[in-house]
Amino acid sequence: MDALLSLSNDLATAVERAAPAVVAVHARRRLPSTGIHWRPGIVVTAEHTVRTAEDITVTMADGRSMPAVLAGRDPGTDLAVLRVADAGSVVATPGDDAALKVGHMVLALGYGPRASWGVISALGPRWRSWRGGDIDRLVRLDLVLYPGFSGGPLVDAAGRVVGLNTSGLARETRLALPVTMVTRVADELLRKGHFSRGYLGLGMQPVRLPAQLGLGDSALIVVMVEPSGPAARAGVLLGDVLVALDGGPVGDLDDVQARLGSDRVGAEIPAVVLRGGVRTELRITVGEQPRRAG
Amino acid sequence: MSAVLAEPVAAAASGLAARLAGITVEVRGHGHGSSAGAPAGAGVVWRADGLILTNAHVARGAVSIVLPDRRVLPARLAARDVEHDLAALVVDATGLSSAEIGDSDALRVGELVLAVGNPLGVVRALSAGLVHATDRRFIQADLRLAPGNSGGPLADARGRVVGLNAMIVGGLAVAVPSREGWRFVQERLGR
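In every chain, residue numbers begin from 1 and rise along the written sequence. The lettering of chains begins at A and the numbering of ligands begins at 1, in the order of writing. At least 70 in pLDDT is required for a residue's local features to be given in this predicted model, at least 80 for side-chain atom pairs to be given and counted, and no such filter applies to totals for whole chains, interfaces and linings, which use all residues.

### Observations concerning the sheet that holds strand β7 (residues 112–117) of chain B
All names here are of chain B. Note the cut-off: Should DSSP find at least two bridges between two strands, the strands are regarded as paired. Put simply, DSSP H or I for four residues or longer makes a helix, DSSP E for two residues or longer makes a strand, and each gets a number counted from the N terminus. Between the N-to-C directions of two axes lies an angle of 0 to 180 degrees, each axis being a line fitted to C-alpha atoms and, for a helix, fitted only over the stretch in contact. Two residues form a contact once the distance between their C-beta atoms, set from the backbone, is within 7 Å.
In spatial order, the strands read β7-β8-β9-β12-β11-β10; together these six strands close into a barrel with antiparallel pairing. Here the strands of the sheet are splayed against their neighbours by 45 degrees on average, with no regard to which way each runs. Bridging between strand β10 (residues 153–156) and strand β11 (residues 161–169) involves three bridges; their strand directions are antiparallel. From the neighbouring strand, P153 faces β11, where its bridge partner is L164. Together, β11 and β12 (172–177) form the strand contacts of helix α2 (residues 178–189), whose direction differs from that of β12 by roughly 35 degrees.

### Brief notes about the interface of chain A and chain B
Quick note on the threshold: For this scheme, ten residues count as nonpolar: Ala, Val, Leu, Ile, Met, Phe, Trp, Tyr, Cys and Pro. Four count as charged, namely Asp, Glu, Lys and Arg, and the remainder, Gly too, count as polar.
In this assembly, 20 residues from chain A lie in contact with 21 residues from chain B. Within the residue set of the side of chain A that touches chain B, elements represented by two or more residues are α1 (3–18) and β8 (114–124) of chain A. Looking at the side of chain A that touches chain B, the element that brings in the most residues is α1(A), giving nine residues. Residues of the side of chain A that touches chain B, tallied by class, amount to 15 nonpolar, three polar and two charged.

### Observations regarding the environment of A:I120
Residues and elements named next belong to chain A. By the element assignment, I120 lies in strand β8. Distance from I120 to V106, taken between C-alpha atoms, is 6.9 Å for residues 14 residues apart in sequence. With residues up to four places along the chain from it excluded, the contact list for I120 reads L100, K101, V102, G103, H104, V106, V139 and L141.

### Here's the deal with the confidence of the model for chain B
Should the pLDDT be low somewhere, the predicted coordinates at that spot are not to be read in detail. Our working rule: The pLDDT score gives, residue by residue, the confidence of the prediction method on a 0 to 100 scale.
Confidence in the prediction of chain B, expressed as mean pLDDT, is 91, and 94% of residues score 70 or more. With a pTM of 0.81, the predicted complex shows an ipTM of 0.88.

### Comments concerning the domain arrangement of chain B
Residues and elements named next belong to chain B. What counts is decided by this rule: What fixes the domain bounds is an automatic or database domain assignment.
If you check the domain split of chain B, you get domain 1 (17–91) and domain 2 (104–184). Taking the mean C-alpha position of each, domain 1 and domain 2 sit 17 Å from one another. With 22 residues of domain 1 in contact, the opposing surface of domain 2 contributes 23 residues. The set of elements that each furnish at least two residues to the side of domain 1 that touches domain 2 consists of α1 (6–21), β1 (24–29), β2 (39–45) and β3 (51–54). Sort the elements by how many residues they give to the side of domain 1 that touches domain 2 and β2 lands first, with five residues. In the side of domain 1 that touches domain 2, the residues fall into 11 nonpolar, seven polar and four charged.

### Notes on the sheet that holds strand β12 (residues 153–155) of chain A
Residues and elements named next belong to chain A. Strands sit in the order β7-β8-β11-β14-β13-β12 around a closed barrel of six strands; the barrel is antiparallel. Pairwise comparison of adjacent strand axes, ignoring direction, gives a mean angle of 45 degrees for this sheet. Across three bridges, the pairing between β12 and strand β13 (residues 161–166) is antiparallel. Within the sheet, the bridge partner assigned to P153 lies in β13 and is L164. Contacts between α1 and the sheet are confined to β7 (105–110), β8, β12 and β13, with β7 contributing the most and set at about 45 degrees to the helix.

Here it is as structure tokens:
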């Protein structure tokens, strides 16, 4: 068969394979967003499209309208998980996001189904969203996310779900959250209702370090210590200069956040501070970031 | 390593582009004043005997047609259907290369489509995209169009014309399905 026709058939087949797990999520006024039937009775979507916690409904791919309950949400990673009773057993087939390469042809799907095509435009390392969440990997898309597409699947040429699309994590940039991360965050949201992040209870600002200390260009000076917070209990004082945490140097707040992932909550980690110019070692038991209201 | 599929895809696409350019005409207003001779849009050679289909909003008055071989011919407006945005033009020519008309009802979401037209005055330019949704009265395609594409062909990966590009809505290409083209020609021209 003609190569273009084969490709066209493959793309249409990819849509047909993925579409039965694509749902409409009615959790805001006017335009619904898209969700993915992840596991039987579990739907994931983009957190920023969930504007109400009550009276949420989901329209399954077969047209059935089902009530949904918000099981958990994490604004930092823009993921929300809904429970839908009797959602059926047709769920998404996950692909291998580690195999993604720049230039791979991909499809974004919205409920309906509706389709948009393009390529992986850039891949990058772990990054921090402006909403404060750690994203495993940057997956930048060169395609149009049409209105209502946020929360829908990024699909590879074989119809497997390799990510969850969102326009809510960066202005003017279309991104996908890698499928392995969606699974991890969704599992934790289902367990706890929220996604935990390590917490020290400190307010800090970057300061320059004199070169002769040999401790790098910059560190963080403590300008606020939360009373009875994790750092306070470990003996951190106002005016301490944090130079290392959990065995690595910290030059800015991103370095600190990078060492306070969900897996560090409850762990005792070493910290090095300069106190009155003297190097002092402490051990901090990492707390869990308090949840914001709403 | 040679590109197993990408090169044949590119070759097939350029072949289709040439075929579609051969059945796409320019529609020009030749009325009065500033619009004289201005490109109004595109059209599809529907039949070899000089029947050309375009959008009603492209063929508002007297127009002339620029054929793929650059001949410029005056066109007679044979029928117009504003509701479906279709118009039939007839030029005095025979033996034209005409479109193979596809079945717009058989389109699948995700299949590739190609558009040819005169976006912003670029004659017989190609755009590629895919079928976005099929649940509407019009075909929606994830494909970049510009003014001047109106009336030109939307074709599937076999090169069969499945629609006439008519509008851009929210960044999507919106095309009149070929099924409407058939119906229009049958009902209004009796054949």
